[in-house]
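Overview (structure and organization)
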Amino acid sequence: MLTVLESCARGSRVAVLVVCGIAVALAPARLAYAAVADYVGKPVESVRLTIEGHETHDPALTQVIETAIGKPLAMADVRESITHLFSLGRFEDVRVEASMDAGRVALHYELSPVHPITHIDFMGVSGAAGIDQDALRRAIADRYGATPPLTRAPDIARLVETALSERGYLHASATSTSQIEHAPERASLTLAIEPRTRTTIGNVTVTGHPTVSRDELLRRLGLTAGAPLLRDRLDANIERYVADRRTRGYYEARIVPVITLTDDDRVADVLLDVIPGSHFRVVFTGDDVPAGKRDEFVPVEREGSADEDLLEDSSNRIEDYFREQGYRNASAPHSRNEEEGDLVIAFAVTRGPLYRVQTYEITGNTAIPVQDFASSLKIHVDQPFVDSRLDADVAMIDSLYHRRGFASAKARAAFEPQTSAATSSFVPVTVRIVVTEGVRTVVDRVSIEGGSSAVDPAALRAKLHLQTGSAYVASDVTNDRDTVLLAYQDEGYQNASVEIVPEFTADQRGAAITYRVQPGARIYVDHVLIVGNIRTKPETIERELQFKTGAPYSLSAINDSQRRLASLGLFRRVRISELRHGSETERDLLVSVEEAPPTTIGYGFGAEGRRIAETNPNGTTTERFDVAPRASFEIGRRNLFGKNRSVNLFTSISRSFISITEYRVVATLREPRLFDTAADGFINGTLEQQHRSTFDFARKSLSANVERRFPGPYRITGSYQLQRTNVFNLTIDKTDPNFPLIDRAFPNFRLSSFSGSLIRDTRDDALETHDGTYVSANGQLAAQAIGSEVGFIKSFFTAQLFKSVPHTRGFVFAGSARLGLATGFTDVQLVAPDASATTQGELPASERFFAGGDSTVRGFALDQLGVRHFPPQPGDTIDQDGVAIGGNGLVIFNAELRVPVAGGLGVVGFLDTGNVYARVSDIDLAEVRSAIGGGIRYRSPVGPLRIDVGMKLNRLPGESRGAWFISFGQAF
């Protein structure tokens, strides 16, 4: 028998022969000595894999074995097999045994598995003060991961001992024992902890020159005789104290603690050496420096230092600031002086005269008129002259000419202060840019030579920037070379090289570009090894991989695969690494994942303030500000059955002071890649009760949704929904001629509907958008033919635009337009109080459009926007008592200017306009209602806080002047 070991240290009774880094040992002395050559080259009869004595046929293991049955045995194949098995991260030892059977070789791979620790218990810590078991578990997970291997048990014990020492248990000991389980392989770890005596603080001595009393100093540092020694907390308190001293001008304050252990380390005497440092004062003389910029220019407090290098940089920052405003001669030298015990750092700021552009001339540009680049110029007449802006204009003109094929074009700038017209505060400047264009070069031919048939030259040329007849741009030549190189690397030619060979005509007006490709050897993916997945099935991971065994080795495919795996949200970490082996044309790819916790829990508390309408006992309607406390709880479970399915339960509850309790419970099951397509499926169950200004409703619904995302910003959704809605507390005056009779016919109704939407979203950030657009179109159809008690068709369109305002400090213009159109086709004959009537064209209250409030037209209370006449007329959507009826048509326009102020604080000015119409045919833009106002935005730790105040324009009799709202997030 021949035994091949992973390591060389296996025992003294075997003879060892090292071959290619693998130890080859002969069997015990009872067997005849067999040379390696007696096995190598013989056909393999059988291959067995056992894990702790149990044979396994796991495909993840058998596929990485290179010693195939019927193939001649080669030590390189054995070595490769061992390497692959170890790369899986599942085994801590691999042992291979070989025996001869009628001239053929029988191989046995004996695998010793790694047992990940999935549960940790602590013993001996009950009653021990200051020991937090959950904190210890978090420390272990942070250092060794959520499921460390059992071999890490000694390291984990040492980590726990270190953590306990930081809690004052300097001589604590931790002893580990384990319990191993199989199928799956895992282990439970028990740490028996003996805390021993906790070290306490003894004498505290203060030296140096503290600026507060000894008792106050010890209180702020948390030092009390007899208290436990918590070194990390002491260090944090010292840092907090020093930071406070720096805010008071003591930028070099320090406290140096020295701890001396006595009484067998049970007592810690603490010596505090307090170095107060000099009191610094930073003053600015001469011209004013904005107060908000001073700490930014002179960061002595933030840096805790006032060394000369920092002060020199501060002078430069002040000078650069004023020079960027046009004060070219600005200076801000600094000095250090002692005054009454203080160290005074003084900056003598002199702005000098303002240099202003009087004349700006650009000449020599015959091929490209000024109009083509005028909007990109930084220098403008009657504005401050800044050198960096002139340099930017020169670079922009050069770049524009080069992009249009003028390879030798050069722009030269000069400026001349008009000293004869200068004053003490103002210097006019004449600025000139002279352009030397040269000749324009056009590409006559682009060719790719050499290479491989694996890459189609014609298809590759179509991807290049430079094409026959286009302008010759030097930067595009380099970019196209990179495109060619990347195309070959994506086909497995990792060592490919591309040489650029340009040829120009004698007059430089024509250029022929040749890319000569030396592809080198083509590299293929040999094995794809997946490790680290415990709950996630391998096929879930494989589905996201853009490479497979036998495919060309492609870095783009690897990067795309890593991105797709990370986007699943199932893993804390994802890494795809390359494993090289003997062959120069093959690579193994190791996909390592670390799974995230499968259960997520979230909760929140808050309140929403809004102005709402209230119906009084006498039937009239008034408005009042209502504050509704809110709470939410959410729990989710992802990666169900290892297939990236997820289930989520969201609950929220809110209590308004003048209405019902609102609640919402939503359960969602998500099935990604529905039926192995690119679409995701969702099943949602909802229970809710909500308050509107003129009615309340309770709803139960079940829906099935499908969402398909397309390359780029597009996605499409489709859904079927079945729901039961009960409308109650309806406050609309039933004697009003505009009272929708369908509300009388269907206070409780079943709705069965299909809906779909198309969305295009290019926003850079869905929460804090600066640029981009959002466009959506949604349609819904409910009909009795599909089980609905009421029928209607409804559509809703949204278009939003976000644009950063040029030449501002982060200003953002935001605009939104919304259009809702609906009509009902449930035909029910009713007997009205004084006549027969029909519900044709009407929608139930819960399905009609309402507007007014913090996300539609601010300035109006919740739902209180609508058409209203005096006296009431048919088609009004506000009844005779001022109660909102809602309607089948909706038009809303919003415009905002969002201005950042400082930190997370910003202000907004807005104009909102729109209205709600009884029927689509009633939509009349002449009847829109408008509001103007402003608001405050603050990025708080719990989310973006929004306060808006809107004032009505053209206020009607009896209406309030406006409304204000407090909520989270942007209005749109």
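Scroll up to find the structure this text is about.
Take the overall build of the chain next. In terms of regular secondary structure, the chain is built from 15 helices and 43 strands. Here the chain has a C-alpha radius of gyration of 38 Å; the compact-globule value for 972 residues is 30 Å, and the former is much larger. Judged by the C-alpha coordinates and their principal axes, the chain covers about 115 × 90 × 90 Å. Taken across its 972 residues, the chain has 43% of its residues classed as buried. Counting only contacts in the chain whose residues sit at least 6 apart along the sequence, the fraction spanning at least 24 positions is 60%. If you sum the accessible surface of the chain, you get close to 47900 Å²; carbon and sulfur atoms cover 53% of it.

Its location among the elements puts Y720 in strand β32 (residues 714–728). Owing to a relative accessible area of 27%, Y720 belongs among the partly exposed residues under this scheme. Remark: the alpha-carbon pair of Y720 and S425, spanning 295 residues in sequence, is separated by 72 Å. Among all residues touching Y720, those that are not within four sequence positions of it are L702, S703, A704, S752, S753, F754 and I786. A polar contact is formed between the side chain of Y720 and the side chain of S752, at a distance of 2.7 Å.

Taken as a whole, this structure holds 14 aromatic pairs when the rule is applied. Between F695 and F850, the aromatic rings sit 5.6 Å apart at their centres with planes inclined by 50°, giving tilted as the arrangement. With a gap of 155 residues between them, F695 in the loop between β30 (679–691) and β31 (696–709) and F850 in the loop between β38 (836–838) and β39 (889–902) connect regions that are remote in the sequence. Judged by relative accessible area, which is 2%, F695 ranks as buried. Residue classification places F850 among the buried positions, given a relative accessible area of 13%.

Right, let's get into the pattern of salt bridges. Following the criterion strictly, the structure yields 58 salt bridges and no others. A salt bridge links D482 to R481, with the nearest nitrogen and oxygen atoms 3.1 Å apart. Overall, D482 belongs to the partly exposed group, its relative accessible area being 36%. According to the relative accessible area criterion, R481 is partly exposed, its value standing at 25%. A single salt-bridge network, built from bridges that share partners, covers D854, R858, E896, R898, D912, R937, R946 and D948.

Here helix α3 (residues 133–144) crosses helix α4 (residues 153–166) at 130°, and the two axes come no closer than 10 Å. As summarised for this structure, α3 and α4 are arranged oblique, according to the angle between their axes. Between α3 and α4 the crossing geometry is right-handed. When α3 is examined against α4, the residues L136, A139, I140, R143 and Y144 are found in contact with a partner set consisting of D155, I156, L159, V160 and A163. Of the residues belonging to the contact of α3 with α4, the class tally is eight nonpolar, no polar and two charged.

A cluster of acidic residues, E252, D307, E308, D309, E312 and D313, forms a negative patch at the surface. Along the chain, the position of D309 falls in helix α9 (residues 308–323). By relative accessible area, which is 60% here, D309 ends up exposed.

The next point concerns the sheet that holds strand β22 (residues 510–518). Taken together, three strands build an open sheet; the order of strands is β20-β22-β21 and the sheet is mixed. Taken across any chain shown, the strands that pair with only one partner, and hence form the sheet edges, are β20 (442–450) and β21 (497–504). Taken over all neighbouring pairs, the strand axes of this sheet differ in orientation by 15° on average, direction set aside. Here eight bridges tie β21 to β22, and the two strands are oriented antiparallel to one another. Bridging across to β22, I500 finds its partner in Y515.

A few words on the packing of helix α5 (residues 214–221) against helix α6 (residues 231–247). Where α5 meets α6, the closest approach of the two axes is 8 Å, and the angle between their N-to-C directions is 120°. Between α5 and α6, the angle falls in the class oblique. Of the residues in α6, those touching α5 at L217, R220 and L221 are L234, N237, I238, Y241 and D244. For the contact of α5 with α6, a count of residues per class yields five nonpolar, one polar and two charged.

The linkage connecting F870 with the following residue, P871, adopts the cis geometry, with an omega of 0°. One can find P871 in the loop between β38 and β39. Phi at N639 is positive, roughly 60°, even though this residue is not glycine. Looking at the secondary structure, you find N639 in strand β27 (residues 621–640). Among the residues examined, N639 registers a relative accessible area of 8% and is labelled buried.

Topologically, K794 is positioned in strand β35 (residues 792–804). According to the relative accessible area criterion, K794 is buried, its value standing at 14%. In terms of polar contacts, K794 uses its side chain to reach the backbone carbonyl oxygen of E847, at 2.9 Å. With residues up to four places along the chain from it excluded, the contact list for K794 reads N778, G779, Q780, L821, A822, L843, E847 and F849.

The subject of this paragraph is the sheet that holds strand β13 (residues 267–275). In space, the three strands of this open sheet follow the order β11-β13-β12, with mixed pairing throughout. The sheet is open, and its two borders are formed by β11 (200–208) and β12 (254–262), each paired with just one other strand. For this sheet, the mean angle separating the axes of adjacent strands, direction not counted, is 20°. As defined by bridge partners, β11 adjoins β13 across seven bridges and the pair is classed as parallel. Note that in β13 the partner of V204 across the bridge is V270. Packed onto the sheet, α5 meets β11, β12 and β13 and runs at close to 125° relative to β11.

There is a patch of nonpolar side chains on the surface, built from V901, L905, V907, L911, I932, I936, Y938, I947, V949, M951, L953 and W964 and spanning about 960 Å² of accessible area. Put simply, the parts of the chain that give the nonpolar patch at least two residues each are β40 (905–917), β41 (929–940) and β42 (943–953). No other element matches the four residues that β42 contributes to the nonpolar patch. Structurally, L905 is set in strand β40.

Among the structural elements, P43 can be located in the loop between β3 (22–26) and β4 (44–51). A relative accessible area of 25% means that P43 is categorised as partly exposed. With 112 residues separating them along the chain, P43 and D155 place their C-alpha atoms 45 Å apart. The contacts of P43, once residues within four sequence positions are left out, are G70, K71, P72, G103, R104 and V105.

Here is what the cut-offs are and how they apply
- Residues numbered from 1 in each chain as written.
- Predicted model: local features only at pLDDT ≥ 70, side-chain atom pairs only at ≥ 80, totals over all residues.
- Heavy atoms only, no water.
- Helix = DSSP H or I, 4+ residues; strand = E, 2+ residues; numbered from the N terminus.
- Rg over C-alpha atoms; globule rule 2.2 N^0.38 Å.
- Buried < 20%, exposed > 50% of the residue type's maximum accessible area, 1.4 Å probe, protein only.
- Contact = heavy atoms within 4.5 Å.
- Areas by Shrake-Rupley, 256 points an atom, 1.4 Å probe, with all protein chains shown as cover.
- Polar contact = N/O pair within 3.5 Å; in protein donor to acceptor, adjacent residues only side chain to side chain.
- Phe/Tyr/Trp six-rings, centres within 6.5 Å; stacked < 30°, edge-to-face > 60°.
- Salt bridge = Lys/Arg side-chain N within 4 Å of Asp/Glu carboxyl O.
- Axes fitted to C-alpha atoms, helices over the stretch in contact; angles between N-to-C directions.
- Parallel < 35°, antiparallel > 145°, perpendicular 65-115°, else oblique.
- Left-handed = near helix turned anticlockwise from the far one by under 90°.
- Nonpolar A, V, L, I, M, F, W, Y, C, P; charged D, E, K, R; others polar.
- Patch = residues over 30% accessible without salt bridge, like charges linked within 9 Å, V, L, I, M, F, W, Y side chains within 5 Å.
- Lys, Arg positive; Asp, Glu negative; His and termini not counted.
- Charge placed at Lys NZ, Arg CZ, Asp CG, Glu CD.
- Pairing = 2+ DSSP bridges.

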